[in-house]
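# Inside the fold
If you want the building blocks of each chain, they are given just below.
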Amino acid sequence: MESRKLFVVAQRTFIVIAVLVGSLNLGLMAINKTNASQTSEKETENSKATTAETGVSQRMVAFKQTLLASWKQEAKSKGLLPTTPPQFRGATLKEAKLAKSDKKVIALTFDDGPVPNYTEKILDTLNKNNAKATFFVVGGNLQLYPAIGKRIVDEGHTIANHTWHHWYHRMSPKVAASEIDNTSDLIFKTTGVKTNLFRPPGGIMNNGVVAYARKKKYVTLMWSVDSIDFKQPPAEVLANRIVKGATHGGIVLMHDGGGKRPRTVEALPKIISRLRAKGYSFVTIPELLEMQDKQEKEEKLATEKKQ
Ligand SMILES: [Zn+2]
């Protein structure tokens, strides 16, 4: 939440300073004009003013660079389009391929929200445990509960596209396009995030939506661990299933919406603490993609050195 507030504050500060510098420049131009037709005494003042102007413009350049860096960081954490490594655009992934490491990572993902109660409780647990997750939202739900959608992003999680209606049936290219486009448009209007992460409802690959997602260079995200939480097993069973299936670079499928989810809510603190005990930390999907990209680049470099 803090980083987003800072971002907004920085943006406003930038605008105010830009306006101030703009008026200062106009003022200096006016002084310069007057000075041109006056004595050499005034010219000294004029040169002082020019020095001041140079100082201000240098500081402006530095300030702009700082702002740009913070915007890039903001964009990265949210998974904006230009920051997704190109090899993943239009691709389908069920996990990240990462080399063995003591520092294991895993991505928790929640589908079918946002909804009152369950999504909110899941966010509470994630925040309390300082864990980040990815939420594949349904457009229709986001329209009903925009404040919860905003909360997802404000609290540092990633929001992603899970179509508007959550339909399973075969769709014409036009309908598939509206299912995905309308959801992404609403995500952008509600949260400011331009997502290019997509998960097909029911994991169905051949009803037209994935074809459209590919065409539009979305990353289609499947999963490596299915919690089967929609069947509402006891929280203990749910937690054990996920911990047992966990792998470094894995993606866990859970649900915050689409039905009653008290078991998922109940299991989440257990899942987090048991996976942490096994050395896992929790990353968002964009972070996971970035890690694989980094590793691929390092491997490529190592191969080139050998040759
Ligand atoms: Zn779903």
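Structure first, text after, so check above.
These numbers were taken from a predicted model, which means no experiment stands behind them. (Residues numbered from 1 in each chain as written. Predicted model: local features only at pLDDT ≥ 70, side-chain atom pairs only at ≥ 80, totals over all residues. Heavy atoms only, no water.)

### Considerations on helix H8 (residues 235-245)
To keep it simple, the criterion reads: Relative accessibility decides the category of a residue: with a 1.4 Å probe and only protein chains considered, values under 20% of the type maximum give buried, values over 50% give exposed, and everything between is partly exposed. For the purposes of this entry, the term helix denotes a DSSP run of H or I that reaches at least four residues, the term strand denotes a run of E that reaches at least two, and both are numbered from the N terminus. It is the directions from the helix axis to the C-beta atoms whose arc is reported. Whether two residues are in contact is decided by their heavy atoms, any of which lying within 4.5 Å being enough.
Buried within H8 we find Ala235, Leu238, Ala239, Ile242 and Val243. All buried residues of H8 lie within an arc of 125° about the axis, which places them on one face of the element. Contact partners of the buried residues in H8: strand S7 (225-226), strand S8 (250-255) and helix H9 (262-277).

### Some thoughts on the packing of aromatic side chains
Rules: Note on ring pairs: Phe, Tyr and Trp rings are taken, using the six-membered ring of Trp, and paired if centres are within 6.5 Å. Classes follow the plane angle, with under 30 degrees stacked, over 60 edge-to-face and the rest tilted. Two thresholds decide whether a charge sits over a ring: the Lys NZ or Arg CZ must be within 6 Å of the ring centre and within 35 degrees of the ring normal.
Evaluation of the coordinates by the stated rule reveals two aromatic pairs. Between Phe110 and Phe135, the aromatic rings sit 5.3 Å apart at their centres with planes inclined by 25°, giving stacked as the arrangement. Taken as a pair, Phe110 in strand S2 (residues 104-111) and Phe135 in strand S3 (residues 133-137) lie far apart in primary sequence, 25 residues in all. Neither residue differs from the other here; Phe110 and Phe135 are each classed as buried. On the basis of an interplanar angle of 70° and a centroid distance of 6.4 Å, the ring pair of Phe198 and Tyr218 is categorised as edge-to-face. Separated by 20 residues along the polypeptide, Phe198 in strand S5 (residues 197-198) and Tyr218 in the loop between helix H7 (209-215) and strand S6 (219-221) bring together distant segments of the chain. The pair Phe198 / Tyr218 is uniform in exposure class, with both members buried. Positioned above the aromatic ring of Phe188 is the side chain of Lys194, whose terminal nitrogen or guanidinium carbon lies 5.3 Å from the ring centre.

### So, the nonpolar core
Using the following cut-off: The definition of a nonpolar core used throughout is a set of buried Ala, Val, Leu, Ile, Met, Phe, Trp, Tyr and Cys residues joined through side-chain atoms within 4.5 Å.
Counting residues in hydrophobic clusters, the biggest one holds 38 residues, and the most contacted among them are Leu108, Phe110, Leu126, Phe135 and Leu275. A per-element tally of this core places H9 first, with six residues. With sequence-adjacent residues up to four places away left out, Leu126 is seen in contact with Leu108, Phe110, Ala131, Ala133, Phe135, His157, Leu268 and Ile272.

### A closer look at the packing of helix H3 (residues 118-128) against helix H5 (residues 146-154)
In helix packing, the relevant descriptors are the interaxial angle and the interaxial distance, both defined with respect to the helix axes. Using the following cut-off: Think of each axis as a best-fit line through the C-alpha atoms, taken over the contacting stretch in the case of a helix, with angles from 0 to 180 degrees between the N-to-C directions. Note on terminology: angles under 35 degrees are roughly parallel, angles over 145 are roughly antiparallel, angles of 65 to 115 are roughly perpendicular, and the others are oblique. For any pair of crossing helices, the crossing counts as left-handed if the nearer helix is rotated counterclockwise from the farther one by less than a right angle, and right-handed if it is rotated clockwise.
As a packed pair, H3 and H5 sit with axes 11 Å apart at the nearest point and diverge in direction by 15°. Of the possible angle classes, the one that applies to H3 and H5 is roughly parallel. When the axes of H3 and H5 are compared, the crossing they make is left-handed. Residues Thr119, Glu120, Leu123, Asp124 and Asn127 of H3 lie in contact with H5, whose contacting residues are Ile148, Arg151 and Ile152.

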